[in-house]
Every structure is written in structure tokens, then in C-alpha cells.
Amino acid sequence: MEFIHVLNLLSDGEFHSGEEMGRTLGVTRTVIWHAMRAIQELGMEVYAINGRGYRIINPLNLLSVEKIVGFLPADINYDIELFSQLDSTNHYLLTQLGAHDLTGKVCIAEQQRAGRGRRGRRWHSPFASNLYCSLVWRFDTAISALSGISLAIALAIVKTLEDCHLSDIAVKWPNDVYCHGKKIAGVLLEVKGDMTGPCDIVIGIGLNVNQPLQVVKIDQPWTCMQSSAANKEFDRNQVLAILLTHVDKTLKFFQQSGFEVLRSLWQQYDMLHEQEVEITSAQGSFCGQVKGVNAQGHLLFQCGEKLLHLSGGEVSVKKKQMEWLEEKV
Ligand code: BTN
């Protein structure tokens, strides 16, 4: 029995005695006691009152595969696996890849112990606050033909946020999503396969939904859906279903037409367009101006006389007039 089953019983914010929960879950009170310790170790505040039992202070909206499927349109039949804790949803799916086509396999977690960000960074993944989601998709094309895909996924996140009535949303090449000038979501693509195809892509999305304020050790300004929408609380199950619907549509569209047709949409939301930026890559740092993206999703960067085409990978972009340091993609 996992602590999450106990947490599910407590998620209504009411008192539940150890005996009652043990009876419901078919376990002893000692097992419940250990689960309560695990819950407290997550940083969750718990009231324990003799004779009444346990109660968590803030009612929880936990993820549920059943609820997510209930929000999904009937034509999306993803195989969704939910974990209460995992090192990384991307890593988990990468270990599952093999000869079989796992397109449509989704992994979500309430918490990641080693959430991965781009460029070897860590992705903060506190328990039951945000969305940490990865999806497998198989493409028959060569890896090189997929360069615009991360930008396309960022646009799917933009559409999700708009459906949730958030405003002032922007994208930052290659795949960050911002709301009111602060980062709200990131995408990490990891590829396994032959250079010439087919290849399996694990698309990892981290979306801040109700990120607790105490998560402050993030080295750039960040926001979450809740604080961007006047403290409105979002049902993560519903947000995830909207996100998967847009991602599904985007991937099918990309498979048919590539990134070229999404280019004008990208331009509409591009926060770097015509901006003076500093690019850092393995070759060094360069200053210049962003001239949009090309049909493959490469960044067009005017550096003196030269117009360079940069691909995502290990390049970082810093907007020059931004006051804060280390704003990297
Ligand atoms: C970034 O650096 O902006 C990309 C962050 C991607 C985070 C997501 S959370 C779900 C998936 N699993 C991971 O370990 N990382 C991605």
C-alpha cells in the first residue's frame, strides 16, 4: 500500500481516524501511521487529534487517471501511467522504449525526485502542485527533420493556457513558455533512435499550476497558473486533459506538415522577435538581434553582417535589456 492511498482518503480535508482508514484500505493502523509519516515528510501539514484522527490542512486535488480520461475527447486513447513519486517521467519513459511503438504512452507523476530541465538543469517538482508529464511519439522521419517539434509543443502549451483564460502569454525560443514575463512552463525532448529514422521522442512538459510560494530556489523569475490568474485554483486533471488534447493535435499536424505552417503562430507569441540578445554556445558568446525563426524552427540571429541559423541543442539566449542574470533557454 502506498501513502498516496491514504492521502486520497484525506484529500477532502476532513478528519479520518487511523482505524477507519485502515479498515477502508485493508491494512493495520501501523501501516497507516507509517503512511502519515511519509505524508508529513513531503512537507504537508497534518493535524493529528486524539480520538478524531488525522486531517490535512489544505484539501488536495490529486491526479487521477480516471478523471483525466473523463476530460479527454473520445478519440484520444492514451495509455496513461500515474506515479506518486518518480525520479523523472522522461527518464522512466526512455527506459520503456524498445522495438515496440509506444506512441501515446503517457507518464505523469505527483512529484519528481530528479526532474530534468534543459542543459543539465534540475526541474523543481514539488508534490501535488504542478504537472510533470511525458509522452512518447514515434516518427518515421530522420531526427534532423524534427527540429521544429519543441517549438510546436511550446505552442500547444500556449493554447492550453489560453483555453484556461490566462493572458499575456509568450514563447521564448526554443521552447519556453512565459506568462506576464515570467516562465510558466518548459519542454524537454529526448530522442532515441536512428539518425535516419524511425525515432522515438519522449516529450517532457513541466507546467507550473499551483506551485507553492516556498519554492524560491529557481534561478529565474517564474510563475504558475494560479498566481497568474488572480489566485484561481485549477483542476490539474482538467488542465492535463486540455494539454494532451492540444499536444495530440499539434503532433498530428506536425507529422503531416512540419513546422513551416506553425511559423506565423510562433511569430505571434515570440518574445524575442527583433530583440537584442546575447547567445551563448560552445563557440562562445555573441550579441545580435533575433530575426524570428525559419521553416525548420531554427533561430534566425543577425550577428553583424551575418544571418545565422541556430538550432536548439545547447544554445542559450539572454535578452539584453533584462535586468536579471542567467535567463537561459
Ligand atoms: C526546461 O528546462 O525548461 C525543461 C523542463 C522540462 C521539465 C519536464 S517535467 C516532466 C518531464 N520530466 C522531466 O524530468 N523533465 C520534464
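Keep in mind it's a predicted model, so treat the numbers as computed, not measured. (Residues numbered from 1 in each chain as written. Predicted model: local features only at pLDDT ≥ 70, side-chain atom pairs only at ≥ 80, totals over all residues. Heavy atoms only, no water.)

### Some points on the overall build of the protein chain
In terms of helices and strands, the protein chain carries nine helices and 14 strands. Seen along its three principal axes, the alpha-carbon backbone of the protein chain occupies a region of about 75 × 45 × 35 Å. The 329 residues of the protein chain split such that 51% are buried. Residue pairs in contact within the protein chain that sit at least 24 positions apart in sequence constitute 66% of those at least 6 positions apart. Here the protein chain has roughly 15700 Å² of accessible surface; of this, 49% comes from carbon and sulfur atoms. The protein chain carries 31 positive and 36 negative side-chain charges, and their two centres are separated by 4 Å. (Helix = DSSP H or I, 4+ residues; strand = E, 2+ residues; numbered from the N terminus. Buried < 20%, exposed > 50% of the residue type's maximum accessible area, 1.4 Å probe, protein only. Contact = heavy atoms within 4.5 Å. Areas by Shrake-Rupley, 256 points an atom, 1.4 Å probe, with all protein chains shown as cover. Lys, Arg positive; Asp, Glu negative; His and termini not counted. Charge placed at Lys NZ, Arg CZ, Asp CG, Glu CD.)

### Brief notes about unusual backbone geometry
For the bond from W173 to P174, the omega torsion is 5°, close enough to zero to count as cis. The backbone of H165 shows a phi angle near 65°, a positive value even though the residue is not glycine. Take H165: it is sitting in the loop between α6 (149-163) and β6 (169-172). For N231, which is not a glycine, the phi torsion comes out positive at approximately 70°.

### Description of the site of the ligand
For the ligand, the set of nearby residues contains 20 residues, the closest of which are S88, Q112, R116, R118 and K183. In this structure, N90 approaches the ligand through a main-chain N or O atom, which is 3.5 Å from a nitrogen atom. The backbone of R116 places a nitrogen or oxygen atom 2.7 Å from an oxygen atom of the ligand. Protein burial of the ligand: of its 410 Å² of free accessible surface, 97% is covered by the chains. Elements that contribute at least two residues to the shell around the ligand include exactly α5 (89-96), β5 (131-139), β8 (182-193) and β9 (199-207). Among the residues making up the shell around the ligand, the classes are represented as six nonpolar, 10 polar and four charged. (Near = heavy atom within 4 Å. Polar contact = N/O pair within 3.5 Å; in protein donor to acceptor, adjacent residues only side chain to side chain. Nonpolar A, V, L, I, M, F, W, Y, C, P; charged D, E, K, R; others polar.)

### Overview of the sheet that holds β9
Sheet architecture is open: seven strands sit in the order β3-β4-β5-β9-β8-β7-β6, paired in mixed fashion. The sheet is open, and its two borders are formed by β3 (79-83) and β6, each paired with just one other strand. Averaged over neighbouring strand pairs, the angle between their axes works out to 20° when direction is ignored. Note: β3 against strand β4 (residues 105-109), five bridges, orientation parallel. Bridged to I80 within β4 is V106. (Pairing = 2+ DSSP bridges. Axes fitted to C-alpha atoms, helices over the stretch in contact; angles between N-to-C directions.)

### As for the side chain of R138
Within the secondary structure, R138 sits in strand β5. Of the polar contacts made by the side chain of R138, one reaches the backbone oxygen of H100; its length is 3.3 Å. For R138, the residues in contact, after removing those within four places along its chain, are G98, A99, H100, D101, T103, P198, C199, D200 and Q255.

### Considerations on the pairing of strand β12 (residues 299-303)
Bridge analysis of strand β11 (residues 284-293) against β12 gives three bridges, and the strand direction is antiparallel. When the sheet's bridge partners are listed, V293 is paired in β12 with L299. Where β12 lies against strand β13 (residues 306-310), five bridges are found, and the strand directions are antiparallel. When the bridges of β13 are listed, L300 appears paired with H309.

### Let's talk about the packing of α6 against helix α8 (residues 236-257)
As a packed pair, α6 and α8 sit with axes 9 Å apart at the nearest point and diverge in direction by 140°. Between α6 and α8, the angle falls in the class oblique. Seen along the crossing, α6 lies across α8 with a hand that is right-handed. Along its contact with α6, which presents I149, A152, I153, A156, I157, K159, T160 and D163, the element α8 presents V239, I242, L243, H246, V247, T250, L251 and F254. (Parallel < 35°, antiparallel > 145°, perpendicular 65-115°, else oblique. Left-handed = near helix turned anticlockwise from the far one by under 90°.)

### Digging into the nonpolar core
Formed by 68 residues in total, the largest nonpolar core has its most connected members in L166, W173, L207 and M225. Take this core: its biggest share by element is 10 residues, from α6. Beyond its immediate chain neighbours, meaning those up to four positions away, M225 contacts L161, C164, L166, I184, L207, N208, V209, F234 and V239. In this structure, V6, L7, M21 and A128 belong to the second largest nonpolar core, which totals 18 residues. (Core = buried A, V, L, I, M, F, W, Y, C linked by side-chain atoms within 4.5 Å.)

### A look at the sheet that holds β11
An order of β13-β12-β11-β10-β14 is seen for the five strands of this open sheet, with the pairing classed as antiparallel. In this open sheet, the two edge strands, each paired with only one partner strand, are β13 and β14 (316-319). Sheet twist, expressed as the average angle between the axes of neighbouring strands with direction ignored, equals 40°. Pairing geometry for strand β10 (residues 276-281) and β11, over six bridges, is antiparallel. Bridge pairing links E276 to Q289 in β11.

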